[in-house]
Every structure is written in C-alpha cells, then in structure tokens.
Amino acid sequence: MPKHIQVRIRIAAIIILAALALSVFAGCSAINDPVVVKVGDVSMKLSDYTLYYNNYYMYVYYGLYDVSTKEGREKFQDVVFDALKSDAVKLYMARQEGITLTEEELKECEDEAAKTMDNIVDNYKSSVDSNIKGELAILAEARRLAEADMKSNGYTYDSYYAEVLVNAQDGAKIEKHMQQIYDTVSVTDDEVKEWYDETLKTQKEEFDDKPEEYAKTYTTYAQGSGVRPLYIPEGYKRAKHILIKDGDKAEETLKKVQQAIEAGDKTFDELIEEYGEDGGMKSEPYKSEGYPISEANKGDYHEEFSEAALKLEKVGDISEPVKTKSGTHIIMLSEIVETETLELNSELEEEIHEYMLTEAQKEKYEEILKGWLDDAPVTEYRQRIRRIGVA
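Scoring rules and cut-offs
- Residues numbered from 1 in each chain as written.
- Predicted model: local features only at pLDDT ≥ 70, side-chain atom pairs only at ≥ 80, totals over all residues.
- Heavy atoms only, no water.
- Helix = DSSP H or I, 4+ residues; strand = E, 2+ residues; numbered from the N terminus.
- Buried < 20%, exposed > 50% of the residue type's maximum accessible area, 1.4 Å probe, protein only.
- Contact = heavy atoms within 4.5 Å.
- Areas by Shrake-Rupley, 256 points an atom, 1.4 Å probe, with all protein chains shown as cover.
- Lys, Arg positive; Asp, Glu negative; His and termini not counted.
- Charge placed at Lys NZ, Arg CZ, Asp CG, Glu CD.
- Patch = residues over 30% accessible without salt bridge, like charges linked within 9 Å, V, L, I, M, F, W, Y side chains within 5 Å.
- Salt bridge = Lys/Arg side-chain N within 4 Å of Asp/Glu carboxyl O.
- Pairing = 2+ DSSP bridges.
- Axes fitted to C-alpha atoms, helices over the stretch in contact; angles between N-to-C directions.
- pLDDT = per-residue confidence, 0-100.
- Parallel < 35°, antiparallel > 145°, perpendicular 65-115°, else oblique.
- Nonpolar A, V, L, I, M, F, W, Y, C, P; charged D, E, K, R; others polar.
- Polar contact = N/O pair within 3.5 Å; in protein donor to acceptor, adjacent residues only side chain to side chain.
- Expected span 1.5 Å × (residues − 1).

Colleague: So what's going on with the overall build of the protein chain? Which residues, and what values?
Modeller: A tally of regular secondary structure across the protein chain gives 13 helices and nine strands. Each principal axis of the C-alpha atoms in the protein chain carries an extent, and together these give about 70 × 65 × 50 Å. A buried classification covers 41% of the 391 residues belonging to the protein chain. In the protein chain, the proportion of contacts linking residues at least 24 apart, taken out of those at least 6 apart, comes to 72%. With an accessible surface of roughly 21,700 Å², the protein chain has 47% of that area assigned to carbon and sulfur atoms. If the 48 positive side-chain charges of the protein chain are averaged to one point and the 80 negative ones to another, these points end up 6 Å apart.

Colleague: Lay out a nonpolar patch on the surface in plain terms, naming residues and giving numbers.
Modeller: A contiguous nonpolar surface patch, about 500 Å² in accessible area, is contributed by M58, Y61, Y62 and L64. Structurally, the position occupied by L64 is in the loop between helix 2 (46-61) and helix 3 (70-96).

Colleague: Tell me what's going on with the pattern of salt bridges, and back it up with residues and numbers.
Modeller: Per the counting criterion, the structure on display carries 29 salt bridges. A salt bridge links D122 to K125, with the nearest nitrogen and oxygen atoms 3.4 Å apart. Using a relative accessible area of 34% as the deciding quantity, one classes D122 as partly exposed. A relative accessible area of 29% means that K125 is categorised as partly exposed.

Colleague: Would you mind going over the sheet that holds strand 4 (residues 237-244) in detail, with residue names and values included?
Modeller: Pairing is antiparallel across the open sheet formed by four strands, whose spatial order is 5-4-7-6. The sheet is open, and its two edges are formed by strand 5 (291-293) and strand 6 (322-324), each paired on a single side. Looking at each pair of strands side by side, their axes are set apart by 45° on average, direction ignored. Sitting on the sheet, helix 12 (residues 303-311) touches strand 4, strand 5, strand 6 and strand 7 (327-336), and the angle it makes with strand 6 is about 155°.

Colleague: Give a detailed account of the confidence of the model for the protein chain, specifying residues and quantitative values.
Modeller: Caution applies to low-pLDDT regions: their predicted coordinates should not be interpreted in detail. Across the protein chain, pLDDT averages 90, with 92% of residues at or above 70. Considering each helix and strand of the protein chain separately, the mean pLDDT is smallest for helix 1 (residues 19-26), with a value of 43, and largest for helix 7 (residues 189-209), with 98.

Colleague: I'd like a description of a negative patch on the surface, backed by residues and values.
Modeller: On the surface, D189, D190, E191, E194, E198 and E349 cluster together into a negatively charged patch. Note on placement: E198 falls in helix 7. A relative accessible area of 48% places E198 in the partly exposed class.

Colleague: Outline the pairing of strand 2 (residues 42-45), listing residues and values.
Modeller: Burial along strand 2 is one-sided: the residues V42 and M44 are buried and none of S43 and K45 is. Here strand 1 (residues 35-39) folds back onto strand 2, and the loop between the two strands holds two residues, one of which, G40, carries a positive phi near 60°.

Colleague: Account for the packing of helix 3 against helix 6 (residues 157-182), naming residues and giving values.
Modeller: Any two packed helices are characterised by how steeply their axes cross, that is the angle between the axes, and by the distance between the axes. It is the contact of helix 3 with helix 6, at a shortest axis distance of 9 Å, that shows an interaxial angle of 75°. One way to sum up the angle between helix 3 and helix 6 is to call them roughly perpendicular. Between helix 3, through D87, K90, L91, M93, A94 and R95, and helix 6, the contact on the second element is made entirely by D170, K173, I174 and H177. For the contact of helix 3 with helix 6, the per-class residue count stands at four nonpolar, one polar and five charged.

Colleague: I'd like a rundown of the sheet that holds strand 1, residues and numbers included.
Modeller: Read from one edge of the open sheet, three strands run 2-1-9, paired in antiparallel fashion. The sheet is open, and its two edges are formed by strand 2 and strand 9 (378-380), each paired on a single side. Each neighbouring strand pair of the sheet contributes to a mean axis angle of 15°, computed without reference to strand direction. Across three bridges, strand 1 lies against strand 9 in antiparallel orientation.

Colleague: Summarise the side chain of R386; cite the residues concerned and give the values.
Modeller: Tracing the chain through its elements places R386 in the segment after strand 9. In terms of polar contacts, R386 uses its side chain to reach the backbone carbonyl oxygen of E74, at 3.5 Å.

Colleague: Provide a residue-level description of helix 5 (residues 135-152), including the pertinent values.
Modeller: Compared with an ideal rise of 1.5 Å per residue, which puts 18 residues at 26 Å, helix 5 spans 26 Å between its outermost C-alpha atoms and is within 8% of the ideal. As for helix 5, its buried residues are in contact with helix 4 (103-122) and helix 6. Phi for G154, located one or two positions after helix 5, is positive at around 90°.

Colleague: How would you summarise the environment of I293 if you had to cite specific residues and measurements?
Modeller: In this structure, I293 sits in strand 5. A sequence separation of 16 residues divides I293 from A309, and the C-alpha atoms of the two residues are 7.9 Å apart. When sequence neighbours within four positions are dropped, the list of residues in contact with I293 reads G235, Y236, K237, A239, Y301, F305, S306, A309 and L310.

Colleague: Can you tell me about the pairing of strand 4, naming the residues and giving the values?
Modeller: Within strand 4, eight of the eight residues are buried, which leaves the element mostly enclosed by the surrounding structure. Alternating positions in strand 4 separate into two faces, K237, A239, H241 and L243 on one and R238, K240, I242 and I244 on the other, with burial throughout. For strand 4 and strand 7, the ladder comprises eight bridges, and the chain directions are antiparallel. When the bridges of strand 7 are listed, I244 appears paired with T328.

Colleague: Could you give an account of the side chain of K237, naming the residues involved and the relevant values?
Modeller: Within the fold, K237 resides in strand 4. Of the buried charged residues, K237 lacks a salt bridge, with E313 as the closest side chain of opposite charge at 7.2 Å. At 3.0 Å, the side chain of K237 and the backbone oxygen of L310 are in polar contact. Only 2.7 Å separates the side chain of K237 from the backbone oxygen of L312, close enough to count as a polar contact. Excluding residues that lie within four positions of it along the chain, K237 makes contacts with Y291, P292, I293, A309, L310, L312, L333, E335, I336 and V337.

As structure tokens, this is what we get:
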C-alpha cells in the first residue's frame, strides 16, 4: 500500500447546500451573521465564510498552512476569504447574464434542499435520549432537537429550508453559467495527436532516465487526474494484496484468508473484496491491475511490503503474511510488466481528448473569472472574519 498517497482536495466552486446547516454549529445565527463580502446584489455572510473555513481546514491538517501564529492564521483566513469572494463573483455574473433554471432544474434543487434538511435531522439522531424507542419516535425527536437549534439561531424549520433552497438554486445557476462557457471550448483531432507525440517523447526520455517517474504518473492517473502513462519502462511488476489491519479479530481473519487460499475455492480478487481493508485495492485501476512496483519506486511502499513483493517471481505467486505498520499483508504477483508504448487507438484518443478538453475548459473559465474579479463591484469586510479560527 503506498505511503505517499497524494492529497487532492477539491473544494466545490459553487454555493454549498449545507452552509446554513453548519453555521448553527459555528455559532453564527440569522441575527448575528454579518455580511463579509458583497458583490452587487450578492452578499456572503459570516456563516458562509465559516463553512468555507471548515472545509479548507484540511489544508492545515496536511501541513500546507501553519495557523499557529497570527501572521500564518491571517494568511490562511485570506485564502479562504478569496475563495468565498470568487464564488460570490461567479453568482453575481450568473445573475448579470440572466441565467435562469428550467422547471426540471428547479425541481432538482427542491429535491437537493429536501435531502439536505433530511440529513440535518438525521445528524441529530445520535443526540436523541436512549429511552426513546422506535424509528418514527426517534426521527420525531431528532427533528424537534434540530428545530430547537434552528430557533435558537433565529430560524424556523421553513425559513431554514428556504435559505437552503436559495443556496441550491444559486449553485445551480453558477454551474449552468460555467457549463455555457465550457461549451465554447473545443479540442481537435490534430491537437490530440500533437499532444500524444510530444508527451510520448517526453515520457520515454524521462522514464528511461528515472523509472520511478512512471509510478508517479501512474498514481496521478489512478487518482483521477491526467492520462495513463503512454510508455512503460523496464523493471516493473504489479502486485495485489489483502490487508488485514491490526485489531482484536486480525488473527482470526488471517487464518480464514490463509485457509481460503489453501482451499482454492475463491480467487484472490474475491478474497480482497471479502477481507481486504485497503480501499485502493477495491478501486480501479488498482482493482484490476494491482500496484506498480519496482526497484526504482520501492520507497513508495512500506519496506517490508516492497521486499516481499519484489521477491515474487511468477504471476500468481503468493507471499507469506507480511507485517507492516499498516497491518498484515498477503501479497500476490498479478503481472510482470513488459516495456510498452501505448498506441494511439480510439480509446486512448478519447481519453486524451477528454483530458485536454477539461484542462482547456478550466483554463478558459479561470481566464474569464480573473476578468470578473477585476471588474465586478466588490465590497469587502475582511476584518469581520478575523475572529474565525481564534482559540
């Protein structure tokens, strides 16, 4: 199992449905919820900022920002504020362009808002008195608790729902406007062929010189970014494994797996599905292919895992149990990878086209957004966010 799984955090560039739901827990009420940024007729409040702050705090957890000092905290606050401002500008421009929703789209927003309200109530079930029994009674009490919190923050259930619905509709308008801009972008077959030729040349030179770069490119592709590597250098194998995490039943589970392997009644893939606790092994392309491993990239994995995997010689060979910090692994060699150059067939053309189109659409939208941010009538109340995140 890779040690260096990349952190790719995508914060949605729309008004998030649950803003009002989280604002209750953040202590921002309808009464004490000042505007922090205004763009024309669009106002974003402290509760909106607090939600964004909570979402972006993942960056702090992963060490990308240091908020232990006033300077560091304010730098992070400003990053979040700029993201909120950007979304406010997007909504303002959608309104300026007269973006409206169809009856079907409005119905989808109503369904999303209703689902959000149901989720809010569901979150209160854990707070229901254990003496209350029966699903309907528990649900009724959870709603009562939710409504009590809403009331203490200046809302009724219906006014809360109305806010959530407006947020859903605003988000849909932003998405619709964005899609209209995306639809103006295209990629030709010649551009796909040119990208293929240039990328293949670059990868051959890079991967032959530094074979570990193949694994990095493959990992990026596996995580949903980019195109699969066009060239595979020498020396790679692929390995699948059953991970059993440490715990009270770990030994019992390990025995079941070993007995099942010996009996041969189930395939290794079936045993991964039944017993494996590494989510990567249950997701494509790792599910079908296994993890790429070689002498060049063995540092991407626990040392004990790499050593055992690289010792396997024939496809289908299975290791003895291997202990690492992640738990106990049983490893199978799933493929000995031959050096290969991917031909530009129709499937690969489609994959490259989709990637290039997505990148071109993002670039186009970011370029337009930059102009909006320069020209839109923005009024900032940045000082009002400074208390967020202060212990």
